[in-house]
Amino acid sequence: MNDIVKKINELETRLKKYAYEYYTLDNPSISDYEYDQQYQELKQLLATYPEYLQNDSITRTIGYEILDKFNKVNHVYPMYSLDNAFNIDDLLNFDHRIKKEFSNYAYVLEPKIDGLAISLTYEDGYLVQGVTRGDGQIGEDVTNNIKTIQTIPIVLNKKINLTIRGEVYLKRSNFNLLNEKQHALGLPLFANARNAAAGTLRQLDSSVVAQRKLDAYFYTVANYQELELQSHYESLQFLKELGFCVNEQIVQLDTIDNVLDEIQKIENKRSSNDYDIDGAVLKVNDFKTQELLGFTAKFPKFAIAYKFAAEEVETQLEDIIYTVGRTGQITPNAVLTPVVVAGSTVSRATLHNYDYIQQKDIRVGDFVVIRKAGDIIPEVVRALSNKRKPDSQKVMMIKQCPICYHPLQQINNSVDYYCLNPNCPAKQIEAIIHFASRKAMNIVGLGERIVEQFYNDGLFKSIADIYRLQDKEAMIVEKEGFGQKSFTNLITSINASKEASLDRVLFGLGIRHLGEKGAKILTKHYSTMYDIIQAQYDDLVLIDEIGPKIAQSLVDYFKIAENIELINTLSTLGLKMENKQTANQSNSEFSNKVVVITGTLENYKRDELINILESKGAKL
């Protein structure tokens, strides 16, 4: 039974982390599909072993942590999440539950817009407040940002009090324009329209929100009783009359068979919409019936969300090109005839590695099916061999690095191939980009485009050269789009990065298999970079969460003279190679204690509290 408890706790911890990334940071690390699979696994375990269900279980909570940068607002009408259906049987079971209690009922079906849930309040016909879902009970006041969305009326054509719910989203066309601007400015691209919309609505500067042209669809009247509305469909018509945008694909249906037919129609239209949807929402129409069905702790019992699979599209694979990562890993990529997938034009897709190409028997010239993994990263799913030309040839793995022509090697029987040339330009560029990234040294102004430009112009050739850029002022300020202010800001950020903690420096080195968390763990066990360099494999594998892969990778990395030389140079240039917090950690009451952070925090941001606890030696 201890194994069951351990599995439940692991799933709870992981899912809370993923939900925090998705809702609070607008930066998910896994796909919706992967999240849903783990969530369903947890639900099944808790259904079997209900004695292990805790009050703060993610299966009983809604939404996300509220950020301190916005005022907190209590929802007068709680904002619930929706239970999910992943197949036809789930929908039939939902209908069966309704049918057991009611003989006469109808449904309303609507596309599930992939955006950010919002609640608006009007008094005497005037918009007075816009609030995010938050945790369902408390949300963030984003009224000023809501007022910049041109499709949301500020003044209604009736002097009424109204509380409504909807979804703020970014049209696909506007999302593409936004990413074009990000690219031109050398800024990171948004992964998808949902993340862009959520991040935009929670901007502190309303002028930024206005520039990005958000939109909104509305689908619920929360105070329907005050307005004497009898049904959900009637309330939607009422919203239209008031001037709100209500999705044109919403329909009223009498039977579950009609629902299934209409869901297929909505899915078939998915690629032609100028907005992203990730499913369809089914609701019982009559409000009195809804009230009798009621709610669980998290979901209304009168509604369910049917989740679509990732959208798949056919196109032709024109070529295969190979890219070099910061560790030297070679990744094959498909060059495709451009095609629209999940709202954006795709002309490249990952092929992961050579084993993947062989297993799927993917060939140049093939017609292939592609999708966006988690609606983010394009990948080739399969080749359509029935459309293959008779003279097509199997793909052979390249033998040399496509950039420096150094022979490629496989390391420790890995499926991946690597360029081991430490001076490979592609590796150097990727290494510099990683080192300057937000989670490493956080050097603002050294984005991908700027790093590539500076490298190609000879302004730097290695990580250490970043800290010599102050000597290149004359060359940098003359560059198009730069200037004295940009240069000063960049140098300020570079100098500030010299104060970065040891774990950030270690992570920034880009050691294979060593992530951000692994770097923090190591710097709790070793007080200086040189202690880590001298650590033996047998000692490293004994550290909790540092497995054989990471241990061997660390030993291999520090065997290379050029890597030790880089660390010595960075130390000479002023970077911190020792952990100032070690003494505090060893004397703290939190030293080596396991701490779990859960629920809503009042006096700290979550990241701040994590840093404080970790500085005192706690394991989060």
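Preceding block: the structure.
Everything numeric in this text was worked out from a predicted model, so none of it was measured.

Colleague: Which residues make up the overall build of the chain, and what values go with them?
Modeller: Within the chain, the secondary structure is distributed over 23 helices and 18 strands. The C-alpha radius of gyration computed for the chain amounts to 27 Å, which stays within 12% of the reference 25 Å derived for 620 residues, consistent with globular compactness. Overall, the C-alpha framework of the chain stretches about 75 × 70 × 60 Å when taken along its three principal axes. When each of the 620 residues of the chain is scored for burial, the buried share is 50%. Sequence-distant contacts in the chain: of pairs separated by 6 or more residues, those separated by 24 or more amount to 67%. Taking the 70 positively charged and 82 negatively charged side chains of the chain as two groups, their mean positions are separated by 2 Å.

Colleague: Tell me what's going on with the environment of S81, and back it up with residues and numbers.
Modeller: You can see S81 is positioned in the loop between β1 (72-74) and β2 (84-85). Between the C-alpha atom of S81 and that of G136, which follows or precedes it by 55 residues, the distance is 7.9 Å.

Colleague: A description of the environment of K112 should follow, citing residues and the corresponding values.
Modeller: With respect to the helices, strands and loops of the structure, K112 is situated in strand β3 (residues 107-113). Assessed through its relative accessible area of 21%, K112 is described here as partly exposed. Placed 400 residues apart in sequence, K112 and R512 show a C-alpha to C-alpha distance of 40 Å. Other than its neighbours up to four places away in sequence, K112 contacts D276, I277, D278, G279, A280, V281, A305 and K307.

Colleague: Run through the sheet that holds strand β8 (residues 215-221), naming residues and quoting values.
Modeller: Ordered by their spatial adjacency, 4 strands build an open sheet running β5-β4-β7-β8, and the pairing between neighbours is antiparallel. In the strand order of this sheet, the two ends are held by β5 (126-132) and β8, each with one partner. Neighbour-to-neighbour, the strand axes of this sheet turn through a mean angle of 30°, independent of strand direction.

Colleague: So what's going on with a nonpolar patch on the surface? Residues and values would help.
Modeller: Side chains of Y126, V128, I154 and V155 sit close together on the surface and give an oily, nonpolar patch of about 330 Å² of accessible area. Looking at the secondary structure, you find V155 in the loop between α4 (143-146) and β7 (162-169).

Colleague: Help me get a handle on the nonpolar core, residues and values and all.
Modeller: Counting 57 residues, the largest nonpolar core has L446, F454, L506, L522 and L570 as its most contacted members. Mapped by element, the contributors of at least two residues to this core are α12 (425-436), α13 (448-456), α15 (484-497), α16 (502-508), α17 (516-525), α18 (529-534), α20 (548-559) and α21 (561-572). Here L446 is in contact with A436, V451, F454, F460, I466 and L490, once residues within four sequence places are set aside. Of all hydrophobic cores here, the second largest spans 39 residues; its members include L127, A193, L229 and F287.

Colleague: Break down the pattern of salt bridges for me, with residues and values.
Modeller: On inspection of all chains with the given rule, the structure shows 19 salt bridges. Close ionic contact of K283 with E110 constitutes a salt bridge, the shortest N to O distance being 3.5 Å. One end of the pair, K283, is in strand β10 (residues 277-284); the other, E110, is in strand β3, with 173 residues separating them in the sequence. Accessibility classification places K283 together with E110 in one group, the buried group.

Colleague: Describe the pairing of β3, with residues and values.
Modeller: Burial within β3 is extensive, with 6 of its 7 residues counted as buried. Two strands pair when backbone bridges link them, and β3 and strand β9 (residues 251-253) are joined in this way by 3 bridges, in the antiparallel orientation. Looking at the pairing, L109 lines up with V251 of β9. Examined bridge by bridge, β3 and β10 share 7 bridges and lie antiparallel to one another. By the bridge assignment, E110 is partnered in β10 with V281.

Colleague: Can you explain the sheet that holds β3? Please cite residues and give values.
Modeller: If you walk across this open sheet you meet the 5 strands as β2-β11-β10-β3-β9, and the pairing is mixed. Because the sheet does not close on itself, it has two edges, and the strands there are β2 and β9. Where β2 and strand β11 (residues 303-307) come together, 2 bridges link them in parallel fashion. The residue bridging A85 from the neighbouring strand is Y306, located in β11. Sheet contacts for helix α8 (residues 232-242): β3, β9 and β10; angle to β3, the most-contacted strand, approximately 55°. Lying over the sheet, helix α9 (residues 256-268) contacts β3, β9, β10 and β11, oriented at roughly 25° with respect to β3.

Colleague: Pulling in residues and values, what's your account of the packing of aromatic side chains?
Modeller: Under the criterion given, the structure shown has 14 aromatic pairs. Where F94 meets Y107, the ring centres are 6.2 Å apart and the plane angle is 35°; that geometry is what we call tilted. Residue F94 is located in helix α3 (residues 88-101), and its partner Y107 is located in strand β3; the two are separated by 13 residues in the primary sequence. Like F94, the residue Y107 is buried in the burial classification. Aromatic ring contacts, followed pair by pair, group Y80, F295 and F302 into a single cluster.

Colleague: Let's hear about the state of the cysteines: which residues, and what values?
Modeller: Working definition: the covalent bond between the sulfur atoms of two cysteines is a disulfide. For the structure on display, the rule yields 0 disulfides. Free cysteine: C419, not disulfide-bonded; nearest cysteine sulfur from C404 at 3.5 Å.

Colleague: Quick one: what's the story with the side chain of T350, residue by residue and with numbers?
Modeller: Along the chain, T350 falls in strand β14 (residues 344-350). Of the polar contacts made by the side chain of T350, one reaches the backbone nitrogen of H352; its length is 3.0 Å. Those residues in contact with T350 that sit more than four places away from it in its chain are T331, P332, N333, I377, P378, E379 and V380.

Thresholds applied
Along each chain, numbering runs from 1 in the same order as the chain's sequence is written. At least 70 in pLDDT is required for a residue's local features to be given in this predicted model, at least 80 for side-chain atom pairs to be given and counted, and no such filter applies to totals for whole chains, interfaces and linings, which use all residues. By convention in this description, side-chain values take in all heavy atoms of the structure and omit both hydrogens and water. A run of DSSP states H or I qualifies as a helix once it reaches four residues; a run of E qualifies as a strand once it reaches two. Both are numbered from the N-terminal end. When we talk radius of gyration, it's over C-alpha atoms, and the globule rule is simply 2.2 Å times the number of residues to the 0.38. Burial classes follow relative accessibility: with a 1.4 Å probe on protein chains only, a residue under 20% of its type's maximum area counts as buried, one over 50% as exposed, and anything between as partly exposed. Working rule for contacts: check all heavy atoms of both residues, and any pair within 4.5 Å makes them a contact. His is not counted, nor are the chain ends, whereas Lys and Arg count as positive and Asp and Glu as negative. Taken as the charge location is NZ of Lys, CZ of Arg, CG of Asp or CD of Glu. At least two DSSP bridges between two strands are required for those strands to pair. Axis angles are defined between N-to-C directions and span 0 to 180 degrees, where every axis is a line fitted to C-alpha atoms and, for a helix, only to the segment in contact. Patch construction takes residues with relative accessible area above 30% that form no salt bridge. Like charges are linked within 9 Å, and nonpolar side chains (Val, Leu, Ile, Met, Phe, Trp, Tyr) are linked within 5 Å. The accessible surface values rely on the Shrake-Rupley method and a 1.4 Å probe; as for residues, cover is taken only from the protein chains in view. We count a salt bridge whenever a side-chain nitrogen from Lys or Arg sits within 4 Å of a carboxyl oxygen from Asp or Glu. Throughout, nonpolar core names a set of buried Ala, Val, Leu, Ile, Met, Phe, Trp, Tyr and Cys residues whose side chains join them through atoms within 4.5 Å. Only rings of Phe, Tyr and Trp enter the pairing, Trp through its six-membered ring, and a pair is recorded when the two centres are within 6.5 Å. The plane angle decides the type: under 30 degrees is stacked, over 60 is edge-to-face, the rest tilted. A pair of cysteine sulfur atoms is labelled a disulfide when the two atoms are within 2.5 Å. Pairs of N or O atoms are called polar contacts if they sit within 3.5 Å, as long as, within protein, a hydrogen donor faces a hydrogen acceptor (for residues adjacent in sequence, only side-chain-to-side-chain pairs).

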